[in-house]
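Residues per chain are reported as follows:
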Amino acid sequence: MLRLVSLKLGRLYRYVKLAVLGSLAAVLVLNTHSLLASLQRNELSERRFLQLNKCPACWGTSWCRKFLNGQLRLESWGRLRLFDFFNVKNVYFARYGEPREGSRRVVLKRLGSAQELADIDTKICRRATGRGRCDLLQALHATEFASLNGDVRLLTPDAVEGWSDLVHCPSQRLLDRLVRRYAETKDSGSFLLRNLKDSERMQLLITLAFNPEPLVLQSFPSDEGWPFAKYLGACGRMVAVNYVGEELWSYFNAPWEKRVDLAWQLMEIAEQLTNNDFEFALYLLDVSFDNFAVGPRDGKVIIVDAENVLVADKRLIRQNKPENWDVWYESKFDDCDKEACLSFSKEILCARVTVDHNYYAICQNLLSRHATWRGTSGGLLHDPPAEIAKDGRLEALLDECANPKKRYGRFQAAKELREYLAQLSNNVR
């Protein structure tokens, strides 16, 4: 019965999608002249479109020369502002490079909806003047973003703690890493805050406060094996990251062998982010099928949305020894009727050395029968082959990983699930 309902919802979603596309086609016909004009423009070379006038209340300027010189161009439909109504997340696809030299696909992000970006301006104005509107550039100098000026040697935890998920419980070691690897300065490599220019310092702090995703990508780069998209640069309120591939949801009905491999990779990501040689635990607070993508050539799973990542320093936890710091923490299963539900306490994530949150998030929201996405259900590992379904081991491990029945059951189930998926993956290869 549930399967029938999900199929009906899937059909309804397709019908609505077709209706919307039909309406758009009619609008395109009626506005052909203005649309042709917009297709000929390269808005990525326009300062206003990039919101470069907002700087230093922006994400950076390291790629401005590439943008303003016309080295980036939005792909066909992305040039039509008509589609901005549906592009709520303000994510664009573009080509980077010269035609004669070959170009590659990149992803451009404003790091927020139009309303969220407007709210940034309002918050800055209210912090500085108490009013919702003001001269943004003047107001910046009356905020905490300017108070950390050239006389301040280090970015310290007490200055930024709680600004965002990334620094909900920062250690000095983490903040030094953020400053040292900050890519929007020519003099990267120093952990001294005072070595940054005033504008660079404010850009760093504003990014940290409003959407720290670029800082996650810079501080835990793909070049060092971290499972995040590669950060390329920024101009105004537009950042560029490497295009990875199709989002994970497009593999929901891929062949079983492919889905097994993807599931194994997801569990490996959960393990890497939880336990690594750097002793930083990176907890994913938002886990859904559109937050991951798969490389078309190597088939590698990569995290493409890293806004909601909490970083806990295990060394600091061991040093400070908060209450119950060495007691293993088990995340509570959240049986809700919405997509991508997660139950967690940021305070506990910051105070325990051994936490199963990432295993829980991946199993519940992506792999197990509890996972739902756009009218589909059953998770990435739905409908296994008959012999695997009959064996029952996979279903048992997924259920224990998502909703454990035994104490510390998820820790053991996650370990066994990784091994079992690796075995299945090798078998099908």
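A brief report on the enclosed structure follows. (Residues numbered from 1 in each chain as written. Predicted model: local features only at pLDDT ≥ 70, side-chain atom pairs only at ≥ 80, totals over all residues. Heavy atoms only, no water.)

### A look at the state of the cysteines
Step number 1: A complete count under the given rule lists five disulfides for this structure.
Step number 2: Shown here is the disulfide that connects C55 with C58, its sulfur atoms set 2.1 Å apart. With the S-S bond torsion at 105 degrees, the cross-link from C55 to C58 turns out right-handed. Both residues of the pair, C55 and C58, count as buried.
Step number 3: The disulfide partner of C363 is C401, and the S-S distance across this bridge is 2.0 Å. Looking along the S-S bond of the C363-C401 disulfide, the torsion reads about 80 degrees, which is the right-handed sense. Placement of the pair is C363 in helix α15 (residues 357-367) and C401 in helix α17 (residues 393-402), with a sequence separation of 38 residues.
Step number 4: When its relative accessible area of 0% is taken as the criterion, C363 is described as buried. (Disulfide = S-S within 2.5 Å. Buried < 20%, exposed > 50% of the residue type's maximum accessible area, 1.4 Å probe, protein only. Helix = DSSP H or I, 4+ residues; strand = E, 2+ residues; numbered from the N terminus.)

### Some words on the side chain of E213
Step number 1: Among the secondary structure elements, E213 is positioned in helix α11 (residues 213-219).
Step number 2: Judged by its relative accessible area of 4%, E213 is buried.
Step number 3: For E213, the side chain forms a polar contact with the side chain of K109, separated by 2.7 Å.
Step number 4: Apart from the residues within four sequence positions on either side, E213 is in contact with K109, L111, V304, D305, A306 and E307. (Polar contact = N/O pair within 3.5 Å; in protein donor to acceptor, adjacent residues only side chain to side chain. Contact = heavy atoms within 4.5 Å.)

### Observations concerning the nonpolar core
Step number 1: I124, F228, M267, F292 and L367 are the most contacted members of the largest nonpolar core, which totals 92 residues.
Step number 2: Here this core gets nine residues from one element, more than from any other, and that element is helix α12 (residues 256-274).
Step number 3: Once residues within four sequence positions are removed from consideration, F292 is found in contact with E247, L248, L266, L284, V287, V301, I302, I303, V304, I362 and L366. (Core = buried A, V, L, I, M, F, W, Y, C linked by side-chain atoms within 4.5 Å.)

### Describing the pattern of salt bridges
Where side chains of opposite charge bring their charged atoms close, a pairing between them can arise.
Step number 1: Under the defined criterion, the tally for this structure stands at 20 salt bridges.
Step number 2: Two residues, D399 and R369, come together in a salt bridge whose shortest N-O distance is 2.9 Å. Placement of D399 in helix α17 and of R369 in the loop between α15 and β11 (372-373) is noted, with a sequence separation of 30 residues between them.
Step number 3: Exposure remark for D399: the relative accessible area of 18% places this residue in the buried category.
Step number 4: Residue R369 is classed as exposed on the basis of its relative accessible area, which comes to 52%.
Step number 5: Here the residues in one salt-bridge network are K54, D121 and R237, joined through shared partners. (Salt bridge = Lys/Arg side-chain N within 4 Å of Asp/Glu carboxyl O.)

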